[in-house]
Amino acid sequence: MNRQGRPTAPAAASGEAASGTWTGNRALDLQESLLFEQGGWERTGVDLPEAELADDRLGGLARTAPIGLPGLSEPEAVRHYTRLSCKNYAIDMGLFPLGSCTMKHNPRLNEKVAAMPGFADIHPLQPVSTVQGALEVMDQLSRWLSVLTGMPGVALSPKAGAHGELCGLMVIRAALEARGDARKRVLVPESAHGTNPATAALCAYDVDPIPATPDGRVDVAAMREKLGPDVAAIMLTNPNTCGLFERDIVEIAEAVHAAGAFFYCDGANFNAIVGRVRPGDLGVDAMHINLHKTFSTPHGGGGPGAGPVVFSEALAPFIPPANVVRHGGGFALREDVPHAQVGRMTAFHGQMGMFVRALTYMLSHGGDGLRQVAEDAVLNANYVRESLKDVMTPSYPGPCMHEVLFDDRFLKDTGVSTLDFAKALIDEGFHPMTMYFPLVVHGAMLVEPTETESRASLDEFIGAMRALAVAAKNGETERFAAAPRFAPIGRLDETRAARQPVLTWQPPEPKQAAE
Ligand SMILES: *Cc1c(COP(=O)(O)O)cnc(C)c1O
């Protein structure tokens, strides 16, 4: 029982037993119980006089039993949420090496501009004559995306990368159906992000995996063999999820087009090539762009995302509404859905706040600044790779793009697994790298430092990784088996948490409550 009346949790889960303090807190690292456990039902902040219902319009359905909400004062409620928020690790607290996620710094200028009343206080149902500035932002953002990718069509409304994939494949399906060419299969490399096969399956396509070569790239010969008149599209990530550039991408695009199929590129890794390579020049027909990765904007528990999709000439006529068009010296929204076109992807026009942040980021960097983003992101990843390659095992030879993939060969016979290693990194004060993805190597550890880390912060991270790799080799297994030792919560049964989540609070049994 701690001071707030929280029944003692299993010691392993709460860390309380180890704390040695009466409260269960460790200095300013506060244990936090549920709101319901802190504020009894009987306590309320305000006592209102009994309401006299002159006319019961609820037809006898008015609640008579207690409502069951915790009674808390404002400071108690504020403290609860503030304490919980302090338990979150965030990009504003430290390096976040989560590969494939591009956890970069979000410039505060973005926030300042997004909070301007002209952007923050408008409503999507306002007459378009009153939101011309917002439409201009959408138009400009579309132009930047179009110029950076070399692709003429832009659908802004999808709300995340996965939603953009859905939009892209629906458009491909619409274009194929418009030419009376129903196709059945979508080719997806083995190293693909899980959303790729999920999207293809959701669009009722059969997913056909393409194997990888030993050097971590698409096996072009195997892909050619799979191409045929029933293939609708290939979904490929470039740079791929092993952090490698697909060198044969032009050859792949040509083969895909010769088979009458479309080339969908997963653009989540655009940060590695923005300002240097235009995917349209490589033969890409559709590509989503995670604004929340390449163009900053908070994500990962920190805010919503946005996944606009860019399209080639062939697919541009099929993009979903609403689209901003220039009209009579101003801007209008085109909302009609011609036959064979995909309908709306969202209720309104997309994540306006993200559009403002992304455009702010683009304008403050400029074309040359964005190019430097890609160059520095690649440089930082290679710095990490070179600094760790003697103690860890990079999965592929040669330089990488914006993220470096290690596997668990360096942990062989140490008794330490990728999971243990990642948990020990938490003790060192870092969010773990991406683990066990991509699936093409054993015990994957995917590290993406991004361009926003300084040399000093990279060195600190590298120092921690080296120390752990050396400790594993020296047989310091307890350090790993017990990790994380210093986190408020230790190892959880993640499988059980996913399979049998406890989503509602149950009042304790009277007997227990009296303890
Ligand atoms: C992040 C990511 C996605 C999915 O994007 P969301 O915005 O999270 O929906 C798809 N593919 C790859 C390679 C990614 O890294």
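Residues numbered from 1 in each chain as written. Predicted model: local features only at pLDDT ≥ 70, side-chain atom pairs only at ≥ 80, totals over all residues. Heavy atoms only, no water.

**Let's talk about the overall build of the protein chain**
Scanning the protein chain for helices and strands turns up 18 helices and 13 strands. Within the protein chain, the fraction of its 515 residues that count as buried is 50%. Across the protein chain, every contact between residues at least 6 apart in sequence was considered, and the portion connecting residues at least 24 apart equals 69%. Just so you have it, the protein chain exposes about 25100 Å², and 57% of that area is on carbon and sulfur atoms. Mean positive and mean negative side-chain charge positions of the protein chain (45 and 60 charges, respectively) differ by 2 Å. (Helix = DSSP H or I, 4+ residues; strand = E, 2+ residues; numbered from the N terminus. Buried < 20%, exposed > 50% of the residue type's maximum accessible area, 1.4 Å probe, protein only. Contact = heavy atoms within 4.5 Å. Areas by Shrake-Rupley, 256 points an atom, 1.4 Å probe, with all protein chains shown as cover. Lys, Arg positive; Asp, Glu negative; His and termini not counted. Charge placed at Lys NZ, Arg CZ, Asp CG, Glu CD.)

**Side note on the side chain of Asn-290**
Along the polypeptide, Asn-290 turns up in the loop between β6 (286-288) and α12 (291-294). Under the relative-accessibility criterion, Asn-290 is labelled buried at 3%. Contacts of Asn-290, omitting those with residues within four sequence positions, involve Gly-161, Gly-267, Ala-268, Phe-295 and Ala-306.

**Brief notes about the site of the ligand**
In the vicinity of the ligand, the contacting residues are Ser-100, Ala-160, Gly-161, Ala-162, Glu-165, His-193, Thr-195, Asp-266, Ala-268, Asn-290, His-292 and Lys-293. Contact between the ligand and Ala-162: an oxygen atom at 2.8 Å from a main-chain N or O atom of the residue. In this structure, an oxygen atom belonging to the ligand sits 2.7 Å away from a side-chain N or O atom of His-292. Protein burial of the ligand: of its 380 Å² of free accessible surface, 86% is covered by the chains. Put simply, the parts of the chain that give the shell around the ligand at least two residues each are α8 (161-178) and α12. Examining the composition of the shell around the ligand, we find that three residues originate from one element, α8, more than from any other. (Near = heavy atom within 4 Å. Polar contact = N/O pair within 3.5 Å; in protein donor to acceptor, adjacent residues only side chain to side chain.)

**Section: the environment of Ser-364**
With respect to the element layout, Ser-364 can be found in helix α13 (residues 352-388). When the C-alpha atoms of Ser-364 and Asn-110 are compared, they prove to be 9.3 Å apart, with 254 residues separating the residues in sequence. Polar contacts involving the side chain of Ser-364 include one to the main-chain carbonyl oxygen of Tyr-361, which spans 3.2 Å.

**Considerations on the packing of α13 against helix α15 (residues 455-473)**
Viewed as axis vectors pointing N to C, α13 and α15 meet at an angle of 35 degrees, and their least axial separation amounts to 10 Å. Once α13 is placed against α15, the crossing between them reads as right-handed. On α15, the residues touching Asn-380, Tyr-383, Val-384, Ser-387 and Leu-388 of α13 are Arg-455, Leu-458, Asp-459, Phe-461, Ile-462, Met-465 and Arg-466. Partitioning the contact of α13 with α15 into residue classes produces seven nonpolar, two polar and three charged. (Axes fitted to C-alpha atoms, helices over the stretch in contact; angles between N-to-C directions. Left-handed = near helix turned anticlockwise from the far one by under 90°. Nonpolar A, V, L, I, M, F, W, Y, C, P; charged D, E, K, R; others polar.)

**Digging into helix α7 (residues 132-149)**
A rise of 1.5 Å per residue sets the reference length of α7, with its 18 residues, at 26 Å; its end C-alpha atoms lie 26 Å apart and thus fit the reference within 8%. Within α7 the residues assigned to the buried category are Ala-134, Leu-135, Val-137, Met-138, Asp-139, Leu-141, Ser-142, Leu-145, Ser-146, Leu-148 and Thr-149. Note on α7: the residue one or two positions beyond its end, Gly-150, has a positive phi of about 70 degrees. (Expected span 1.5 Å × (residues − 1).)

**Let's talk about unusual backbone geometry**
Cis geometry marks the peptide bond from Phe-437 to Pro-438; its omega dihedral reads 0 degrees. For Pro-438, the location among the structural elements is in the loop between β12 (434-435) and β13 (445-447). Put simply, Ala-483 and Pro-484 share a cis peptide bond, and its omega is 0 degrees. Structurally, Pro-484 can be placed in the loop between α16 (477-481) and α17 (494-499). Unlike most non-glycine residues, Asp-413 shows phi in positive territory, near 65 degrees. For Asp-413, the position within the fold is in the loop between β11 (404-407) and α14 (418-427).

**Overview of the pattern of salt bridges**
The tally for this structure, following the rule as stated, stands at 32 salt bridges. Between Arg-326 and Asp-139 there is a salt bridge, with its nearest N and O atoms 2.8 Å apart. Of this pair, Arg-326 sits in strand β8 (residues 323-327) while Asp-139 sits in helix α7, and the two are 187 residues apart along the sequence. Between Glu-494 and Lys-423 there is a salt bridge, with the nearest N and O atoms lying 3.3 Å from each other. You can see Glu-494 sitting in helix α17 and its partner Lys-423 sitting in helix α14, a full 71 residues away along the chain. Because the salt bridges share partners, they merge into one network encompassing Arg-185, Asp-208, Lys-226 and Asp-230. (Salt bridge = Lys/Arg side-chain N within 4 Å of Asp/Glu carboxyl O.)

**A look at the sheet that holds strand β5 (residues 262-266)**
Pairing within the open sheet is mixed, and its seven strands lie in the order β1-β7-β6-β5-β4-β2-β3. A single partner strand is all that each edge strand has here, and the edge strands are β1 (153-155) and β3 (206-210). Neighbouring strand axes in the sheet, compared pairwise and without regard to direction, differ in orientation by 20 degrees on average. With three bridges joining them, β5 and β6 adopt parallel strand pairing. Within β6, the position partnered with Asp-266 by the bridge is His-288. Sheet strands in contact with α7 are β1, β6 and β7 (309-311), and its direction is about 130 degrees off that of β1. (Pairing = 2+ DSSP bridges.)

These results come straight from atomic positions and should not be treated as a statement about function.
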